Amino acid sequence: MRKEDVEKVIDILRREFPRWNAPVVSLIAQKTGDPFRVLVCALISTRTKDETTAMVCKRLFERIKNVDDLYNIDEEELSRLLYPVGFYKNKAKFLKGIAEEIKKNYSSQVPNKLEDLLKLKGVGRKVANLVLSEGYGIPAICVDTHVHRITNRWCLIKSKNPEETERKLAEILPEKYWIEFNKLLVAFGQTVCKPVKPLCGVCPIREYCEYEFKTL
């Protein structure tokens, strides 16, 4: 894929997004542009399907509304609310620790700067950039497994890890697309450009893609 084709491709992905009915859509609905919700959803989604994460987040946010609620909730009750996400007991303990950090160091407000988010125990660049982009509307490129895989599959970039992918995308992707890029590629990756046996025959951006096995 050529750099000059990126805007065309994003326009196509935008148009197709509502048709995919991707699991990530239900998860996005639980975040509602709230940095706290974005952070919590991102932290509990590890090794858990988006459908399950969305269901648990819906139940969880009926009980907790902010950092103080998370700080005050009993860990055992939190564990029950998190079930059946993967490692729900460990995640309950982890979330309690995060709430304590934010309450103590940031007056119960989720930080809105990358360097501060990265100071939170267990928060990496993917989660931090997701909070900035989806929670605060601050341009940031969130690179998860879908973004890393697909942009390399397109041959838009060539990178070995998500951090390198983020740096290279920041160089070629217009900033106006940074916030929505993750959402579009996650939905695309869940429904069409799958990790194994991508559906190249029905791919709406096939003509721009240089995936070497797409004709097989």
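Up top is the structure.
Quick caveat: nothing in here was measured; it's all calculated off a predicted structure.

### Things to note about unusual backbone geometry
Omega for the bond connecting Y83 with P84 falls within 30 degrees of zero, at 10°, which places this linkage in the cis form. Structurally, P84 can be placed in the loop between α6 (75-82) and α7 (88-105). Residues other than glycine seldom take positive phi values, yet T32 does so here, at roughly 45°. Here T32 shows up in the loop between α2 (23-31) and α3 (35-44). Here C155, not a glycine, exhibits a phi torsion of approximately 65°, which is positive. Inspection of the secondary structure puts C155 in the loop between α10 (145-153) and α11 (162-172). Exposure remark for C155: the relative accessible area of 39% places this residue in the partly exposed category.

### Thoughts on the pattern of salt bridges
Under the counting rule described, the total for this entry stands at 17 salt bridges. In this structure, E7 and K176 form a salt bridge, with 3.7 Å as the shortest nitrogen-oxygen distance. Of the two residues, E7 is situated in helix α1 (residues 6-20) and K176 in the loop between α11 and α12 (178-191); the sequence distance between them amounts to 169 residues. In this structure E7 comes out as partly exposed when scored by relative accessible area, which is 35%. We classify K176 as exposed; its relative accessible area is 60%. E16 is paired through a salt bridge with R19; the nearest N and O atoms lie 3.3 Å apart. Of the two residues, E16 and R19 both sit in helix α1, three residues apart, roughly one turn of that helix. Each of R2, E4, D5 and K8 takes part in a single network of salt bridges with overlapping partners.

### What about the packing of α10 against α11?
The contact between α10 and α11 brings their axes to 10 Å, and the two run at 60°. With respect to α11, the element α10 is oriented oblique. Relative to α11, α10 is oriented so that their crossing is left-handed. Contacts from V147, H148, T151 and N152 in α10 reach P162, T165 and L169 in α11.

### Details of the packing of aromatic side chains
Under the defined criterion, the tally for this structure stands at five aromatic pairs. With a centroid separation of 5.7 Å and an interplanar angle of 40°, the aromatic rings of W20 and F188 are classed as tilted. Residue W20 is located in helix α1, and its partner F188 is located in helix α12; the two are separated by 168 residues in the primary sequence. Judged by its relative accessible area of 0%, F188 is buried. The structure contains a cluster of three or more aromatic residues connected by ring pairs, namely F17, W20, W154 and F188. Seen from the ring of Y211, R153 lies directly overhead, with NZ or CZ sitting 4.7 Å from the centre. Over the ring of F17 we find K183; its NZ or CZ atom is 4.9 Å from the centre of that ring.

### A short note on the environment of S107
With respect to the element layout, S107 can be found in the loop between α7 and α8 (114-117). The spatial distance from the C-alpha of S107 to the C-alpha of V67 is 9.4 Å, given a sequence separation of 40 residues.

Parameters and conventions
Residues numbered from 1 in each chain as written. Predicted model: local features only at pLDDT ≥ 70, side-chain atom pairs only at ≥ 80, totals over all residues. Heavy atoms only, no water. Helix = DSSP H or I, 4+ residues; strand = E, 2+ residues; numbered from the N terminus. Buried < 20%, exposed > 50% of the residue type's maximum accessible area, 1.4 Å probe, protein only. Salt bridge = Lys/Arg side-chain N within 4 Å of Asp/Glu carboxyl O. Axes fitted to C-alpha atoms, helices over the stretch in contact; angles between N-to-C directions. Parallel < 35°, antiparallel > 145°, perpendicular 65-115°, else oblique. Left-handed = near helix turned anticlockwise from the far one by under 90°. Contact = heavy atoms within 4.5 Å. Phe/Tyr/Trp six-rings, centres within 6.5 Å; stacked < 30°, edge-to-face > 60°. Lys NZ or Arg CZ within 6 Å of the ring centre and 35° of its normal.

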